[in-house]
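So you can see what is in the structure, the chains are spelled out below.
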Amino acid sequence: MSTPHTPSDLANAISELAHERKRADHLQRQMLRLQQELEVLRGAARDASNSRLLAEEELDDTRDRLQLALDAAQLALWEWNLRTGVVYLNARWSEMMGDVAMDAHTPIDDLMDRIHPDDLPHLQQQLGQATNGTLQRYEVQFRIRTLDNEWLWLESHGMVSDQDALGQPLRLIGICADIRERKRLEQATETARAQAESANRAKTEFLANVSHEVRTPLNGLMGLIRLLMDSPLDGEQGHWLKLMDESAHTLLGLLNDILDLSKIEAGKMDIETTVFDVADVVEKTCAPHLAQASGKALQFEVDLHPGLPTQVRGDPGRLRQVLANLLSNAVKFTPEGGHIRVSAAPDGDDRVRFEVADTGIGITPAQQARIFEAFTQADASTTRKFGGTGLGLAISARLVTLMGGHIELDSAPGRGSRFHFSLPMPAQHGRPTDSMPLSAPMELAEVQAQQHTFEGLRVLVAEDHPVNELLMRQLLKRLGCITTVAKNGLEAVAAWQRGGFDLIMMDVQMPELSGLDATAEIRAQEGNGPRHIPIVAVTANAMSGDQEACLRAGMDAYTSKPVSPQALMKSMAQALAAESRWVQGERPQAPSTGAVESKPTRPSKQARSQPTPALDTDKLRRRLGNDPAALADWASSVQTELAGYRQGLTQALTRQDKVQAAAQAHALKGSLASLTAQRAAALANGLEMAARSGEWPLFGRALPVLLSELDTVDKSLQSMRDTDRH
Ligand code: ADP
């Protein structure tokens, strides 16, 4: 600024100065603002760098934690770059493989070379799927060779960690765990299981052998007791024998239970599928328990739902066994005055629900948890008080499971028990599938229950055991059979060759030639000719498989020792039916199990060389004291009575009156039986059953057969009257 010379210059200078100051002030303010802004920016920059540092620290922490976790779990990490084919391995690998020189970056092929050849295909398949993008994650177990040339078991979990723009995997990452210890335990468990299984098999075989050894003398014992019971005895002896008989039966029951359980455990319990009437099975199973219950003043109710199908497919024998066990427990554990209820009802389309309920002593929750285990009773005092082995429920529960159901129990102490289960039992419409087309009399014979005439049958008994032979002969004698004995298989074949037999009862285990071989020999000699001697296998072998062996050898039926009269009759009827089918031209390739399971049938007329007479006239004469006048009177009244039934039955058929038809057939059956007209009585029985189930077509076909048999009966009666008059 120049020095002012004049007042006006001074004034100008002052004003200029003021202006300069203003500008200086303005600039200072601006600078201050800029400084502040800079400060703010500096602060922000400081913050940014702080948080980056923090983030880096956090990342380090996470890495540390991950590493710690991997270390703690002793996991080995790997990462495979699919482009370069190099795998990054962490330090744990060298530790696991005992290979300190192991490179942290190893080619994948070097690793693959060390995999166990058995495990390689599966590993390659998994890796292949992961690398081609079809599998996102995988898990695989394999063995890898360590530096010491040992196989190390590893479990590897891997996943795709990086993909290209097209979604093709670029990298796989995962971990491997050393599972040596787990594999060792698995191996030990497997060995223990195999050992347990083999021990169990040994136990089953042992039981089968013991059962055979025990059944043979028991068979003898029980038979002899029965024979003694039929001989003259004083009261006390009779009582002792009854006790002996009961004990023998208990022993047999126990033996059967043990065998059943071991069969189930060995997986040898076969469940059959046949067609049967479910209501009928329930009723028949209840019958003996009903008697016991009434002896104890228990109310017994059988509730069969009207919607139950008449015929179902299932295993009637096993169903009966389960129900019988539940029923005997219900009767056993329900005090006097209690109530037992058995019911069967449809459960959905193809199942039937069964229930056995009682108002007895009940079972505590703790006991319920163990009650289906073998040899378990609710409490130890039960055996002392009620007897039993604790096997019944174990067997029942397993049988129900095998049949496709599950047994359940609702119970509370003092409030009774309710056992229930539902089984697949599809309704079967029409005739049973396992039967062949039959003539009307055969059809009837199928329907009819058990009316067999074995009188006059010539039976060859092949048995080496003297007591069993005696028993068998006695039983057959009671059935009116004529017996001849062969002591071994060779004798049996020779006796058969001499001829004159209608049936052979063949013991399976015999010296010289076994029953199986003797049967095979006989069948071979018969060839496909017109003759087929019915053969019944009699054996103490009770394990499953024996039955098949007998049938394969060519036997027609099977009965196991100790032989009961019922089982004997049933098997004889089955064998005779097989013979009659043979005679009628049906020659099975090999006898099938069906031959044994099919309902017993009577031999048809043409099968027997001598048709049985319609009436046993000699017996009738004896009964009526050989008085001709009384006989004539009686015969004429019977003829009238029979004529009445003929009319009644024909009428019932026309009207399709179930009640009348069943009542008439039932009454007629009784009259015919007392008349010794066995064949006609069997036919009437068949008619009664057909009437009860409303099978009118069958009834219609069978009635003429019965009427023609009644004609024969009528003729015999007439000839008795005529002969006796002269
Ligand atoms: P056991 O041959 O001893 O009767 P189970 O297996 O049939 O064998 O029954 C085992 C136990 O379960 C019985 O001993 C009894 O304690 C108990 N139990 C079974 N059924 C009933 C029932 N209906 N009421 C009360 N307790 C029962």
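In space, the five strands of this open sheet follow the order E15-E14-E16-E17-E18, with parallel pairing throughout. Only two strands of the sheet have a single neighbouring strand rather than two, namely strand E15 (482-486) and strand E18 (557-560). With strand direction ignored, the average angle separating the axes of adjacent strands in the sheet is 20°. Examined bridge by bridge, strand E17 (residues 535-539) and E18 share four bridges and lie parallel to one another. Paired with Val 536 across the strands is Ala 557, a residue of E18. Running at roughly 160° to strand E14 (residues 458-462), helix H14 (residues 489-498) makes contact with E14, E15 and strand E16 (503-507) of the sheet.

Averaged over the chain, the pLDDT score is 82; the fraction of residues at 70 or greater is 87%. Contacts from residues 431-451, a stretch scored under 50 in pLDDT, to residues over four places away or in other chains number 49 contacts. Across residues 589-610, confidence stays below pLDDT 50; counting only partners more than four residues off in sequence or on other chains, it has 55 contacts.

What follows is about the environment of Leu 135. Structurally, the position occupied by Leu 135 is in the loop between helix H4 (120-131) and strand E4 (137-145). Of the residues examined, Leu 135 reaches a relative accessible area of 21% and is grouped as partly exposed. Those residues in contact with Leu 135, other than ones at most four positions away along the chain, are Gln 126, Gln 129, Ala 130 and Val 160.

Before going further, it helps to examine the nonpolar core. Ranked by size, the top nonpolar core spans 42 residues in total, and within it Val 278, Leu 319, Leu 326, Phe 354, Phe 421, Leu 423 and Met 425 carry the most contacts. Put simply, the parts of the chain that give this core at least two residues each are helix H6 (235-265), helix H7 (278-295), helix H8 (316-332), strand E10 (339-347), strand E11 (351-358), helix H11 (392-402) and strand E13 (417-424). Take this core: its biggest share by element is seven residues, from H8. Apart from the residues within four sequence positions on either side, Leu 319 is in contact with Phe 276, Val 278, Val 281, Phe 354, Met 403, Phe 421, Leu 423 and Met 425. Among the nonpolar cores identified, the runner-up in size contains 35 residues, and Ala 684, Leu 698, Leu 703 and Leu 707 belong to it.

What counts as what
- Residues numbered from 1 in each chain as written.
- Predicted model: local features only at pLDDT ≥ 70, side-chain atom pairs only at ≥ 80, totals over all residues.
- Heavy atoms only, no water.
- Pairing = 2+ DSSP bridges.
- Helix = DSSP H or I, 4+ residues; strand = E, 2+ residues; numbered from the N terminus.
- Axes fitted to C-alpha atoms, helices over the stretch in contact; angles between N-to-C directions.
- Contact = heavy atoms within 4.5 Å.
- pLDDT = per-residue confidence, 0-100.
- Buried < 20%, exposed > 50% of the residue type's maximum accessible area, 1.4 Å probe, protein only.
- Core = buried A, V, L, I, M, F, W, Y, C linked by side-chain atoms within 4.5 Å.

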